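What follows is each chain in one-letter form.
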There are 4 protein chains.
Amino acid sequence: MNTLWGGRFDGDMDDLMWEFNASIDFDRRLAKVDVQGSIAYAEALRQAGVLAAAEAEQIVEGLELVAKEIERGDFSFESTDEDIHTAVERRLGELIGPLAGKLHTGRSRNDQVATDIRLYLMGRLDVLEQALVALQRVIVDRAERLLDLLMPGYTHLQLAQPVRFSHWLMSFFWMLQRDRERMVDFAKRVSRCPLGAAALAGNTYGLDREALAKALGFEGVCYNSMDAVSDRDMMLETLNWGAILGIHLSRLAEDLIIWSTKAFGFVLLDERYATGSSIMPQKRNPDSLELVRGKTGRLIGNLTALLTTVKGIPSTYDKDLQEDKEPLFDTLDTLGQLLPVVSGVIDTMQVNEEAMLAALDEATLATDLADYLVQKGVPFREAHHLIGQVVKRCETEDLSLSALPLEAYQEISSAFEESLYEVLDFEASVEAHDALGGTARSAVVEQIARARQLLDS
Amino acid sequence: MNTLWGGRFDGDMDDLMWEFNASIDFDRRLAKVDVQGSIAYAEALRQAGVLAAAEAEQIVEGLELVAKEIERGDFSFESTDEDIHTAVERRLGELIGPLAGKLHTGRSRNDQVATDIRLYLMGRLDVLEQALVALQRVIVDRAERLLDLLMPGYTHLQLAQPVRFSHWLMSFFWMLQRDRERMVDFAKRVSRCPLGAAALAGNTYGLDREALAKALGFEGVCYNSMDAVSDRDMMLETLNWGAILGIHLSRLAEDLIIWSTKAFGFVLLDERYATGSSIMPQKRNPDSLELVRGKTGRLIGNLTALLTTVKGIPSTYDKDLQEDKEPLFDTLDTLGQLLPVVSGVIDTMQVNEEAMLAALDEATLATDLADYLVQKGVPFREAHHLIGQVVKRCETEDLSLSALPLEAYQEISSAFEESLYEVLDFEASVEAHDALGGTARSAVVEQIARARQLLDS
Amino acid sequence: MNTLWGGRFDGDMDDLMWEFNASIDFDRRLAKVDVQGSIAYAEALRQAGVLAAAEAEQIVEGLELVAKEIERGDFSFESTDEDIHTAVERRLGELIGPLAGKLHTGRSRNDQVATDIRLYLMGRLDVLEQALVALQRVIVDRAERLLDLLMPGYTHLQLAQPVRFSHWLMSFFWMLQRDRERMVDFAKRVSRCPLGAAALAGNTYGLDREALAKALGFEGVCYNSMDAVSDRDMMLETLNWGAILGIHLSRLAEDLIIWSTKAFGFVLLDERYATGSSIMPQKRNPDSLELVRGKTGRLIGNLTALLTTVKGIPSTYDKDLQEDKEPLFDTLDTLGQLLPVVSGVIDTMQVNEEAMLAALDEATLATDLADYLVQKGVPFREAHHLIGQVVKRCETEDLSLSALPLEAYQEISSAFEESLYEVLDFEASVEAHDALGGTARSAVVEQIARARQLLDS
Amino acid sequence: MNTLWGGRFDGDMDDLMWEFNASIDFDRRLAKVDVQGSIAYAEALRQAGVLAAAEAEQIVEGLELVAKEIERGDFSFESTDEDIHTAVERRLGELIGPLAGKLHTGRSRNDQVATDIRLYLMGRLDVLEQALVALQRVIVDRAERLLDLLMPGYTHLQLAQPVRFSHWLMSFFWMLQRDRERMVDFAKRVSRCPLGAAALAGNTYGLDREALAKALGFEGVCYNSMDAVSDRDMMLETLNWGAILGIHLSRLAEDLIIWSTKAFGFVLLDERYATGSSIMPQKRNPDSLELVRGKTGRLIGNLTALLTTVKGIPSTYDKDLQEDKEPLFDTLDTLGQLLPVVSGVIDTMQVNEEAMLAALDEATLATDLADYLVQKGVPFREAHHLIGQVVKRCETEDLSLSALPLEAYQEISSAFEESLYEVLDFEASVEAHDALGGTARSAVVEQIARARQLLDS
């Protein structure tokens, strides 16, 4: 018979049902914050006059003992512990006797678990933010060191225009910067304290919820008790944030996986981030990056799972909501692995300058050639069409743009002059893209400076 | 042969491929913002010295003619219009001749479409915010008018504790308030201008991107051209926002669908929001609410679709990204329907006071009875257990809590006294929950006041 | 340095990368089938002449020792075991020495893991099918015992027409029957053996793949080695099957959760499948059913996760595919819990006949009344309209259909006669629905007979 | 006031609600099957004696007129048509008068729409199967013609082992073959007739449901009326089938997109399936394939949408189910585009033999070299390790495997002899993989023969 809620029940739960119902296997990682919440709650009960000072003190001491057991890893869970709240209260009772039964006054597991998960989440987000910033730093550092390196930029994975490798690398800085901004935004909504909402109707013991929220480090409180026990938005926001972050990393991974092929050869992953094959002795596979890409699937799946679970259920608390924790924990854990692995990959990979230069086909300068005609007064759309014909002719005759003789150019348009060949220079092309956010050296240097400022603030 | 990009091509696209590739069927709704973006771009080209003043003027006049045709609905699309950008440029050419070909100087469809979609989104979000606020007002108004009405609060859909109907209603105000906060947060990231990123490498014509962004009403610019043409975060954020908002509305719908049953009878939807059956003449079905609940599925599906599409594709622009628009438009359209329908439902539904009162079973006062024992010095956990036995006894003897004689209570605990019966009062119970965010009148009044402040600010 | 594939590597993997890359934490449950596959493979190598008879014997004996250690639970995993294949091969080497190194001849982990997972899945599906059939039996048994019980049928959760409770219950039998059919269908595709595909190019040692498949209990082989190592369809089919099965159970759960409310009171869950509250002593919550409904979210999330992971990755084997196992295992485990819990709930719940009868409002006979007019020659559409007016009048005057006097009926249509009141009988209505698949006793009895046949075949 | 169900209603629906509720915009494509179903139903009513022969004849004639209007495209929808059923019945009334009102006798829109959608689906699946088979034929044809062509096989996108191009191509044949098998499987469940289930309780007019099902071309009937109106499994199966098919095509697209890069250059898409850029004149982008990959996102999104919509709703019919059509139609339409486009791409793409041969690095023969040592009696695991060292040495000295002198080999293992160099032959390697399903010519020829058999049966 359940000691926490079994008063009106005659018998026990079915064994399979017990296992099905219990959350202790996955919510035990909330142990630390559960005790932290209870200590603050005991103090709040004292201030509200529900607990005498001595009682509160004894409870807090008991809880601190529990906290130590947890920290030392010698807290022992019993098979009758339904969830972490039950486990902690049971243990407190063993340590300080029936007084433990006063701790839950005016509190329900509904507001307790909502508080726990928010406290836990705040802690994890702090750590993930550091990992995110660390990755951003690795990116900016390499971008700065490789500023001179040119490579072909691609769209549709086809040769597009020459760009600085650093410009490509910095594009990921900005994606991650948005991830940081998003985290700051939703962290405000994580940081609201539901404690005192009780089961759904609120607290009857004159609890000072704002003081309690402050004591636990929250920025504010939840303003409606029925919403407070039911709100899972901050988890959905975390899961969505994780999915978008995963997408950024998956696109970085895709680029690098393709560039690690023999055909491209732009980068070589360090051995510490590659693996071999059990059958093919020559293999050096980019498993790290493939896992980064692959794990984005689970980040999206976790989001879908929780969205689907909470959709269309009655308001306030339903047991369906117990299903919130596993996808949340999985996303946090996954990101906790992804971020440092990607940092390591970026930090240690070899960049093959020669391969990048060799890949810089002159076809990537076709737009510059069109711009050249524009400067001669040809409307861009016509210029584009003329250069299209130039390109076709070069392909047919298997010539590069610079190898096509002037007469051939002039057959296509009389606006061409000898000076056209000066345009066919990769560095010149890159440097011409000097508007804000472009790939010219000055524009990339400015990006890096702005990025450093954001990292240091 | 495509006039926009066909210079190097010999022949035409396959017919099926044309249809498969063209986006004109769904991107034509961007017509207005596409022209708006082009007008600002022409002006920026003039400032950069690319267009002479007279040229810019002529282009802008032509674009304004196009805008008028669009507004009047007599812009005619041709079967050769691949997308909205092509259509507008084609029409501009018909109106002003070859000069139209200068407009695209230094611009790519990659940055153009990214600009269009952001402009479009900013406009739609403004309208949706108004619809959201309108729904919040309907909620606060009804909550205020029905402040006296008590009803059973439920958790797990089982009778829990008495609450004010207004308290329940206000719980949705706060969900929607978070939706508003979220919109404010991500709207900052929508409001960044990619124009000038061109295909991926940036602009070569000395464009003042910050001035251009300002002219179009953006708060800032995208700082990296490769990211600028590739970033779809703001769409994912919109889709996620829509999914969470949908979840809130789906839970509201679920509550009301259940309360509209004959068995509950708490509310009766107005005929304007109900439908009948083609076979059962007595029917009055809550179709409006079922569709609200059902359409949350598509909101989640749209999010999944775009997350999946962008996961793991190479960076910068890939044609996969053309798949961004349909889920985005569908979510915006769906929310544009959901919000006013829910407002209408809430505003017009009949609330059945008698049914709610009749449903107020005394079992919902069991917690108050436990609190009573706590005041007598019994630790809460023990009090809970004792009241559990009281409840079981009442069930066995088929008695209500107030009908169980004092002796019976005292057999269970000597702490019970005659005064226990005073606790068995629904209004008293509700009023006892007077901590911040609780269901007592004062606490709900405070919520409403806070809500009004948020609505008026 | 990795013993399995490290020959060409100089150093070790990064520690975090090791953890990130290793699958041993979740693939160890494949231990038994991994050994089973290796035993058959050793035998096949012997038949192909790659292993001498004595070598094969020694390897098989070694593997059988490993199998015993696994079964007894005293197989000890090392921190250097990257995955289950490595672990088993490592242990085999400890037991029989360098000869163990011959086992992997012509085999890759790519075909090995694909074989393992299929063997594992075949075993788990057998068990789940039994659980599914057990649930079907519980349904048919209760349906048979409760054949006399009438209740209101609902559409849109509004009163529709009277039905037999057994008819409702049997509707779930048929959903589950489709789930069984689906399992039979996709089990054929699980039962194809990829072993011998090696890394991707096939086997060079003259392996008899069909004999090997047969030895392992497969129905056939995979016909293309590049597809064989890459195919995850059978997992996607399993996950989709699980999601649909989950949906069926979630709808059953939704019905019963609503019917367990005080307002409906149609069913009462047995205490073994209900739980209480930590704060509200009167509570008896249908947690079992809420978890059934809630866990459908994870079943859908698992499907989304794997679909997203495999979408758009290069063909053959990529490390992304390592992400296939966790969602698969989670779905199998979840279903392994859901099915017996639902069986227990259905088997033990109390059905409240009085509440169902009391809920049988005469409005549910409106269609029968329309049918009555049809028999009098009124076209159905007109009859429907006339009865609509009858219903409206009854509501206005707060009368039941049978209390409305004949004159009132005749004011609405002269086709009404005294005999109309005979139609207003719940049992008669139910019995009139006697076409195949209807709710009349004979039709339900026929369903049950057909169901028993399907269960016994 | 709604003529179909408005008898008991006083007023009209809210305008926004009307638009929100109406399905006519998307269900009008069911017009043809709706009439088809009604014709069969009229006939069934005649057989059941509900309609006189003359009445049935007149109704059928009217419906045939409606069918012709639909076919000719001059059926005109009215703003008051809520859905396709209403529209057809309204038009029938205009054509034949009040007798039209007899058609809906004993039928509900619940069973009617379920019948329509199944009829529609059967028709669409037939067409899609043909498109699927057409793609399979294109694959087999090209595979047969290109049988001699060798290329490097990849795993993890890294060079693995030489394979026949045809072997790679055929791997997709088998994926598509599973898609065909799956379609056959679930088509059985589409082909069950719900007509006669009425609203939920079944038919009261002695309808011969089995005859009716047969008349409409169904294989069987739905055995439970409550399930019949509620079952959406066959749609979920279709959506899941479409998602898996999409995944196969997306992986094909990914391979070809990568192989179309300048760096690989293995294939060149025909101009009919490529597009250019509005700014870069040299561009020839594989938009067709990127859209194939991108659209897989919507196929997955559609599945998620419907799974989420039906999860946890009450059994029988809820209006949420109206949300089933749009994702279904979108998936059918999308597949109807994807399949012929992919056929066209495969059929017309240029395959660059030289590029493939040039990419055949000797490192892909490392496994063959290990097999060589195995033949010399070295256990495979040791052989693998030794070849790993060979590869490392070759990389360090920048030599190919065949350029490394024998002494160097022998320093690593004394088992090496001059004959090792014979192994270093791509054709020999491919031919060695001659087990069933391997890449040797004989094995591929066998695959093709088996495939032709499957296509012809």
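Not measured: the values here are computed from a predicted model.

## Section: the overall build of chain A
Helices and strands together make up the secondary structure of chain A, namely 19 helices and six strands. Taking 2.2 N^0.38 as the reference for a compact globule, 457 residues should give roughly 23 Å; the C-alpha atoms of chain A span a radius of gyration of 31 Å, well beyond that estimate. Dimensions of chain A along its principal axes, counting C-alpha atoms only, are 100 × 50 × 40 Å. Out of the 457 residues belonging to chain A, those deemed buried represent 70%. Carbon and sulfur atoms provide 48% of the accessible area of chain A, an area that totals close to 13,700 Å². Within chain A, one finds 45 positive and 74 negative side-chain charges whose respective centroids are separated by 3 Å.

## A look at the relation of the copies chain A and chain C
Between the two copies, chain A and chain C, the superposition gives an RMSD of 0.0 Å; the rotation angle is 180° and the shift along the axis is 0.0 Å. On this basis, the relationship between the two copies can be described by a two-fold rotation axis. Across chain A, the rotation axis passes nearest the C-alpha of Gly301 of chain A, at a separation of 2.2 Å. Counting the interface residues of chain A, we find that 100% of their copies in chain C are interface residues as well, pointing to one common contact surface.

## Examining the interface of chain A and chain C
Opposite the 63 residues of chain A that make contact, chain C presents 63 residues. A combined buried area of about 5,500 Å² lies between chain A and chain C, and 59% of that area is made up of carbon and sulfur atoms. Among the residues chain A hides against chain C, the three largest losses belong to Phe20, Glu271 and Ser278 of chain A. Together they make up 14% of the total. Here chain A and chain C share ten salt bridges between them. One salt bridge connects Lys295 of chain C with Glu323 of chain A, and the closest N-O pair in it is separated by 2.7 Å.

## A short note on the pairing of strand S1 (residues 150-155) of chain A
Residue and element names in this part refer to chain A. With six of six residues buried, S1 lies mostly within the body of the structure. Sheet topology places S1 next to strand S2 (residues 158-164); five bridges connect them, and they run antiparallel. The residue bridging Leu150 from the neighbouring strand is Arg164, located in S2. Between S1 and S2, which pair antiparallel and follow one another directly, the connecting turn spans two residues, one of which, His156, has a positive phi of 55°.

## Some thoughts on the packing of aromatic side chains
Residues and elements named next belong to chain B. What the rule picks out here adds up to 62 aromatic pairs over all chains. Aromatic side chains Trp168 and Trp259 sit 4.6 Å apart centroid to centroid with 50° between the ring planes, which places their arrangement in the tilted category. Here the residue Trp168 occupies a position in helix H7 (residues 165-190), and Trp259 occupies one in helix H10 (residues 233-259), the gap between them amounting to 91 residues. Comparing Trp168 with Trp259, the two get one shared label, buried. For the ring pair Tyr409 and Tyr421, a centre distance of 5.8 Å and an interplane angle of 90° mean the geometry is edge-to-face. Of this pair, Tyr409 sits in helix H16 (residues 406-412) while Tyr421 sits in helix H17 (residues 420-423), placing them twelve residues apart in sequence. Take Tyr409: its relative accessible area is 0%, and that puts it in the buried class. We classify Tyr421 as partly exposed; its relative accessible area is 21%.

## Brief notes about the packing of helix H5 (residues 84-96) of chain A against helix H6 (residues 109-145) of chain A
Residue and element names in this part refer to chain A. Viewed as axis vectors pointing N to C, H5 and H6 meet at an angle of 100°, and their least axial separation amounts to 10 Å. Overall, the two elements H5 and H6 adopt an arrangement that is roughly perpendicular. For the pair H5 and H6, contact is made by Ile84, His85 and Thr86 and by Arg109, Gln112, Val113 and Asp116, respectively. Here the residues of the contact of H5 with H6 sort into two nonpolar, three polar and two charged.

## So, the interface of chain B and chain A
Listed per partner, the contact involves 110 residues of chain B and 110 residues of chain A. Taking both partners together, chain B and chain A bury about 9,400 Å²; carbon and sulfur atoms supply 55% of that area. When the buried surface of chain B facing chain A is broken down by residue, Tyr223, Arg251 and Arg381 of chain B rank first, second and third, together holding 9% of it. On the surface where chain B and chain A come into contact, there are 26 salt bridges. Of the charged contacts, one joins Arg189 of chain A and Glu181 of chain B as a salt bridge, the two residues approaching to 3.6 Å between their closest N and O atoms. Split by residue class, the side of chain B that touches chain A holds 42 nonpolar, 38 polar and 30 charged.

## Thoughts on the domain arrangement of chain A
On domain assignment, one finds that chain A holds domain 1 (15-105), domain 2 (110-202 + 223-358) and domain 3 (361-456). Computed from C-alpha atoms alone, the centre-to-centre distance between domain 1 of chain A and domain 3 of chain A is 69 Å.

## Details of the relation of the copies chain B and chain A
There are two copies of the chain, and a rotation about an axis plus a shift along that axis relates them. Rotating chain B by 180° and translating it 0.0 Å along the rotation axis places it on chain A, where the RMSD comes to 0.0 Å. Taken as a fraction of all interface residues of chain B, those also at the interface in chain A reach 100%, which identifies the copy contact as same-surface.

## Let's talk about the state of the cysteines
In a disulfide, the sulfur atoms of two cysteines are held together by a covalent bond. All names here are of chain B. If you walk through the whole model with that rule in mind, you get zero disulfides over all chains. With no disulfide of its own, Cys193 has Cys222 as its nearest cysteine by sulfur position, at a separation of 6.9 Å. Its relative accessible area of 1% is what places Cys193 among the buried residues.

## Considerations on the packing of helix H6 (residues 109-145) of chain B against helix H19 (residues 441-456) of chain B
Residues and elements named next belong to chain B. The interhelical angle for the contact between H6 and H19, taken along N-to-C directions, is 155°, at an axis separation of 11 Å. Taken together, the axes of H6 and H19 are roughly antiparallel relative to one another. H6 and H19 meet at a crossing whose hand is left-handed. Of H19, the residues touching H6 (which contributes Val133, Gln136, Arg137, Val140, Asp141, Ala143 and Glu144) are Ile448, Ala451, Arg452, Leu455 and Asp456.

## So, the side chain of Asp371 of chain D
Along the chain, Asp371 of chain D turns up in helix H14 (residues 366-375). Buried charged residue Asp371 of chain D carries no salt bridge. Nearest counter-charge: Arg381 of chain D, at 10 Å. Residues contacting Asp371 of chain D, with those up to four places away along its chain left out, are Thr204 and Tyr205 of chain C together with Phe380 of chain D.

Basis of the calculations
- The numbers attached to residues start from 1 for each chain and follow its sequence in the written order.
- Just so you know, chain letters begin at A and ligand numbers begin at 1, following the order they were written in.
- The predicted nature of this model means local features are confined to residues of pLDDT at least 70 and side-chain atom pairs, given and counted, to a pLDDT of 80 or more, with totals for whole chains, interfaces and linings taken over all residues.
- Side-chain metrics in this entry use all non-hydrogen atoms of the structure; hydrogen atoms and water are not considered.
- In DSSP terms, a helix is any run of H or I states spanning at least four residues, a strand is any run of E spanning at least two, and both are numbered starting from the N terminus.
- With the radius of gyration taken over C-alpha atoms, the globule rule is written as 2.2 Å times the number of residues to the power 0.38.
- The classification of residues rests on relative accessible area computed with a 1.4 Å probe and restricted to protein chains. Under 20% of the type maximum is buried, over 50% is exposed, and intermediate values are partly exposed.
- We get accessible surface area from the Shrake-Rupley algorithm with a probe of 1.4 Å; when it comes to residues, only the shown protein chains can shield them.
- Charge convention: Lys and Arg are scored as positive, Asp and Glu as negative, and His as well as the terminal groups of each chain are ignored.
- Charged groups are reduced to one reference atom each: NZ for lysine, CZ for arginine, CG for aspartic acid, CD for glutamic acid.
- To line up the copies, we fit them by least squares on C-alpha atoms, keeping just the residues with pLDDT of at least 70 in both.
- Residues are treated as being in contact if the distance between any of their heavy atoms lies within 4.5 Å.
- Note on definitions: buried area is the accessible-area loss of two parts on being combined, 1.4 Å probe, summed for both.
- By salt bridge we mean one thing: a side-chain nitrogen of Lys or Arg within 4 Å of a carboxyl oxygen of Asp or Glu.
- Pairing between strands is defined by DSSP: at least two bridges between them are needed.
- Think of it this way: a Phe, Tyr or Trp ring, Trp meaning its six-membered ring, pairs with another when their centres are within 6.5 Å, and the plane angle makes it stacked under 30 degrees, edge-to-face over 60, tilted otherwise.
- Only C-alpha atoms enter the line fits that serve as axes; for helices the fit covers just the stretch in contact. Angles between N-to-C directions range over 0 to 180 degrees.
- When an angle is under 35 degrees it counts as roughly parallel; over 145 it counts as roughly antiparallel; between 65 and 115 it counts as roughly perpendicular; any other value is oblique.
- Asp, Glu, Lys and Arg are counted as charged, while Ala, Val, Leu, Ile, Met, Phe, Trp, Tyr, Cys and Pro are counted as nonpolar; the rest, among them Gly, fall into the polar class.
- The source of the domain bounds is an automatic or database domain assignment.
- Only a pair of cysteine sulfur atoms within 2.5 Å counts as a disulfide in this structure description.
- Note: crossing handedness is left-handed where the near helix turns anticlockwise from the far helix by less than a right angle, and right-handed where it turns clockwise.

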